[in-house]
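Understanding the architecture of this molecule
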Amino acid sequence: MTTANHLSSPVTFEKDAALVSELLSDLQSEQSALVTADLDVIERMVDKRVELLQALGAAANSRYDALAAAGFEPNEQGMSVWLQKQSSQLLDSAWVTFQQELTQAKELNRLNGILINKHFLRNQEKLDALNGKSSAPQFYGKNGQAHRANNSRSGFSV
């Protein structure tokens, strides 16, 4: 699918595409676990994610090395030039799909980050409540000093 016979070092992105598909699946699973607050699943996914991202980086480096060996820039621009020289609609379509999946993975990662941040903030509020720290807003008194709003009755009694 992604090799060229006339090049001394084959350029390929099959492995990259497979890894990005796996990453998408992983991010979707993470999002489901975040929505349901399934911490066991999330913890198990951390090590797998690190390995997956390292493999994806290694695959991209291999692709860049192959591009350089074939006389192209070892980057995405070099990949685009290589694809133009291949004149293959199948390769072009596969590359576009790969790029779209990368974009989708970035967006899922961004959304998962938002969910993680919401969980963190909620947990911080709970910890603050357990430690006696109020999350009530602060107001300024007549003397200009800040004080927390207090919904309890004052010490005045009748």
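Per chain, residue numbering runs from 1 following the sequence as it is written. Restriction of local features to residues with pLDDT of at least 70 applies here, the model being predicted, together with a cutoff of 80 or more for giving and counting side-chain atom pairs; totals for whole chains, interfaces and linings are based on all residues. As a convention, hydrogens and water are excluded, and side-chain values are obtained from all of the structure's heavy atoms.

**Notes on the overall build of the protein**
Numbering goes from the N terminus for both helices and strands, where a helix is a DSSP run of H or I of at least four residues and a strand is a run of E of at least two. Assigned secondary structure in the protein consists of four helices and two strands. Taken from the N to the C terminus, the helices and strands of the protein come in the order α-α-α-α-β-β. The buried label applies to any residue whose accessible area, calculated with a 1.4 Å probe on protein chains only, is under 20% of its type's maximum; exposed applies above 50%, and partly exposed to all values in between. Classification of the 158 residues of the protein by burial places 28% in the buried group. It only takes one pair of heavy atoms within 4.5 Å for two residues to be counted as in contact. When contacts within the protein are restricted to residue pairs at least 6 apart in sequence, long-range pairs at least 24 apart make up 57% of them. A total accessible area of about 11000 Å² is found for the protein, and carbon and sulfur atoms account for 53% of it. Here, Shrake-Rupley sampling with a 1.4 Å probe gives the accessible areas, and only protein chains in the shown set may cover a residue.

**Overview of the packing of helix α3 (residues 76–86) against helix α4 (residues 89–130)**
Note on method: axes are straight lines fitted to C-alpha atoms, helices fitted across the in-contact stretch only, with angles between N-to-C directions ranging 0 to 180 degrees. For the pair α3 and α4, interaxial distance at closest approach is 10 Å and the crossing angle is 155 degrees. By the angle between their directions, the pair α3 and α4 is classed as roughly antiparallel. For the pair α3 and α4, contact is made by E76, M79, W82, L83 and Q86 and by L91, D92, W95 and Q99, respectively. Polar here means any residue other than Ala, Val, Leu, Ile, Met, Phe, Trp, Tyr, Cys and Pro, which are nonpolar, and Asp, Glu, Lys and Arg, which are charged; Gly is therefore polar. Of the residues belonging to the contact of α3 with α4, the class tally is five nonpolar, two polar and two charged. Any angle between 65 and 115 degrees counts as roughly perpendicular, while under 35 counts as roughly parallel, over 145 as roughly antiparallel, and the rest as oblique.

**What to know about the nonpolar core**
By convention a nonpolar core is built from buried Ala, Val, Leu, Ile, Met, Phe, Trp, Tyr and Cys residues, the set being connected through side-chain atoms within 4.5 Å. Ranked by internal contacts, the top residues of the largest apolar core, which has 24 residues, are V11, F13, M79, W82 and L83. Of all the elements in the fold, those that place two or more residues in this core are α1 (14–35), α2 (39–69), α3 and α4.

**A look at the pattern of salt bridges**
Criterion for a salt bridge: a side-chain nitrogen of Lys or Arg within 4 Å of a carboxyl oxygen of Asp or Glu. For the structure on display, the rule yields six salt bridges. Residue E30 pairs with R49 through a salt bridge whose shortest N-O separation is 3.5 Å. In this pair, E30 is assigned in helix α1 and R49 in helix α2, connecting sequence segments 19 residues apart. For the salt bridge of R63 with E76, the shortest nitrogen-to-oxygen distance reads 3.2 Å. Residue R63 is found in helix α2, and its partner E76 is found in helix α3; the two are separated by 13 residues along the sequence.

**Here's the deal with the packing of α1 against α4**
To characterise two packed helices, one gives the angle between the axes of the helices and the distance between these axes. With their axes 9 Å apart at the nearest point, α1 and α4 run at an angle of 25 degrees to one another. With respect to α4, the axis of α1 lies roughly parallel. As α1 runs across α4, the sense of the crossing is left-handed. Of the residues in α4, those touching α1 at D16, A17, V20, S21, L23, L24, L27, Q28, E30, Q31, L34 and V35 are F98, E101, L102, Q104, A105, L108, N109, L111, N112, L115, I116 and H119. Throughout, a crossing is termed right-handed when the near helix is turned clockwise from the far one, and left-handed when it is turned anticlockwise from it by less than a right angle.

**Considering unusual backbone geometry**
At A37, a position not held by glycine, the phi torsion is positive, near 55 degrees. The residue A37 is located in the loop between α1 and α2 in this model. Despite not being glycine, S87 has its phi angle at roughly 50 degrees, a positive value. Examined against the element boundaries, S87 turns out to sit in the loop between α3 and α4.

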